[in-house]
Amino acid sequence: MELLGVRFAPLNTPLERRLQTLAACCWFITLAFGPMMCISFMAYVILCTRYSILALLYLMWIWYDRDICNKGGRRSKWARQWRWWKYFCNYFPIRLVKTVDLDPAKSYMLCVFPHGVLSTGAFGSFATDGANFSEIFPGLTPYLVTLAGHFVTPFIRELCLILGGCPASVDGLSYVLSRPGNAVALVVGGASESLECRPGTYRIILKRRKGFVKLALKYGNPLVPVFSFGETDLYDQLKNPKGSWLRRAQELCRKITGIAPVVPLGRGLFQYSFGIVPQRRPVTTVVGKPIPIEKVPEPTQEQIDALHQKFTEELIALFEEKKHLYLTQAEKIHLVIE
């Protein structure tokens, strides 16, 4: 149904689909606005209510418990298997696809591309069991890498911990990678890459990102290229060409906070024309074959560059091999690496 140029969802939409849309909307709000909302709530409780002592005790607990994220966290299998995550993953839907088996006796660094606006495929595949990670890769424990600041943000830190999050810090990554049976999912492009996100395009940031290669060499962890096809189709965003005032403001915010304030253009809860809910479009996260690595405690720059080049070639090969299976008009879509 369309009214004044706005396309509305049919009134007889099944409850299942309504719940899926609600799950996707709540997920966006939690990731995009959750940290600020939680900080504001804590400030209100401390300054304006009689429960300030409880809030202060919680902040003291966060400070005391601040290092737990660097020691494997405090994951909950029950939380990762909430029915809510099934609704979330089935909304798009998100599918996790493996090309080869991964040995649970080893630990791996899963290098995920592209970032997209909010790393939807990576979140659904590795931060929850909504895409059936535990069935597809039995014996492996996934850790999705996120900003270290999330682990000192009230309430958000608890969600990150129970879902198996890992901070983007040397200590956190080293702890997980040095133990067998772990799969660290790292979105290499980071926040900078989200500013390049446009439907039908795949522009990733990799040329200058070599820290993950050095870490993999140090612990001898195989690098695994991972590509989320359809990730960039979930949102459009306001035009922000390099050099524009909006792009400069976004880059400044990213440098200060580590977060790129993308202005997403999606759909709404009950209509399809505008809003913050991601579009209902499929995302297929394909896990490629691991690149075996010999442990080098002190890798040289030449070794880092050589492995980085090999990884880049494997990532391109994975994209070119699988894009025809998961993208429409795949012949017109090319991977651009910056």
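Structure: above.
The structure presented is a predicted model; accordingly, all values stated were derived computationally and were not measured. (Residues numbered from 1 in each chain as written. Predicted model: local features only at pLDDT ≥ 70, side-chain atom pairs only at ≥ 80, totals over all residues. Heavy atoms only, no water.)

**Topic: the pattern of salt bridges**
Then, number 1: This model, assessed by the stated rule, comprises 18 salt bridges.
Then, number 2: Across the pair Lys242 and Glu196 runs a salt bridge whose closest N-O atoms are separated by 4.0 Å. Remark: Glu196 occurs in the loop between helix H9 (190-194) and strand E8 (202-204) and Lys242 occurs in the loop between strand E10 (236-237) and helix H11 (245-257); sequence separation between them is 46 residues.
Then, number 3: For Glu196, a relative accessible area of 14% puts it in the buried group.
Then, number 4: For Lys242, a relative accessible area of 60% puts it in the exposed group.
Then, number 5: Bridged by salt links that share partners, the residues Glu196, Arg203, Lys242, Arg247, Glu251, Arg254 and Glu338 form one connected network. (Salt bridge = Lys/Arg side-chain N within 4 Å of Asp/Glu carboxyl O. Helix = DSSP H or I, 4+ residues; strand = E, 2+ residues; numbered from the N terminus. Buried < 20%, exposed > 50% of the residue type's maximum accessible area, 1.4 Å probe, protein only.)

**Structural notes on the sheet that holds strand E5 (residues 141-146)**
Then, number 1: The 7 strands lie next to each other as E3-E12-E9-E4-E7-E5-E6, forming an open sheet whose pairing is mixed. Edge positions in the sheet fall to strand E3 (94-98) and strand E6 (165-167), since each has one partner strand and no second. Going from strand to strand, the sheet's axes swing by 25° on average, the running direction of each strand aside.
Then, number 2: Note that E5 and strand E7 (residues 182-187) share 4 bridges and pair parallel. Across the sheet, the residue bridging to Leu144 is Ala185, located in E7.
Then, number 3: Strands in contact with helix H12 (residues 301-326) are E3, strand E4 (108-113), strand E9 (223-229) and strand E12 (283-287); relative to E9, the strand with the most contacts, it is inclined by about 35°. (Pairing = 2+ DSSP bridges. Axes fitted to C-alpha atoms, helices over the stretch in contact; angles between N-to-C directions. Contact = heavy atoms within 4.5 Å.)

**Here's the deal with the packing of helix H4 (residues 83-91) against helix H5 (residues 120-127)**
Then, number 1: Where H4 meets H5, the closest approach of the two axes is 11 Å, and the angle between their N-to-C directions is 145°. Every pair of crossing elements has a handedness; the one defined by H4 and H5 is left-handed. For the pair formed by H4 and H5, the contact residues are Trp85, Phe88 and Cys89 on the first element and Thr120, Phe123 and Gly124 on the second.
Then, number 2: Grouping the amino acids of the contact of H4 with H5 by side-chain chemistry returns 4 nonpolar, 2 polar and no charged. (Left-handed = near helix turned anticlockwise from the far one by under 90°. Nonpolar A, V, L, I, M, F, W, Y, C, P; charged D, E, K, R; others polar.)

**A word on the state of the cysteines**
Then, number 1: According to the stated counting rule, one finds 0 disulfides in the structure shown.
Then, number 2: Note on Cys166: no disulfide assigned, nearest cysteine sulfur contributed by Cys69 at a separation of 7.9 Å.
Then, number 3: Free cysteine: Cys197, not disulfide-bonded; nearest cysteine sulfur from Cys253 at 17 Å. (Disulfide = S-S within 2.5 Å.)

**Description of unusual backbone geometry**
Then, number 1: In this structure, Pro93 follows Phe92 across a cis peptide bond, with omega equal to 0°.
Then, number 2: Relative to the assigned elements, Pro93 resides in the loop between H4 and E3.
Then, number 3: Cis peptide bonds are those with omega within 30 degrees of zero, and the linkage from Phe113 to Pro114 qualifies with -15°.
Then, number 4: Its identity as a non-glycine residue notwithstanding, Ser119 has a phi of 50°, on the positive side.
Then, number 5: With respect to the element layout, Ser119 can be found in the loop between E4 and H5.
Then, number 6: On the basis of relative accessible area, Ser119 is assigned to the buried category, the value being 11%.
Then, number 7: In this model, Gln329 sits at a positive phi of 50°, which is unusual for a non-glycine residue.
Then, number 8: Looking at where Gln329 falls in the secondary structure, it is placed in the loop between H12 and strand E13 (335-337).
Then, number 9: What makes Gln329 exposed here is its relative accessible area of 51%.

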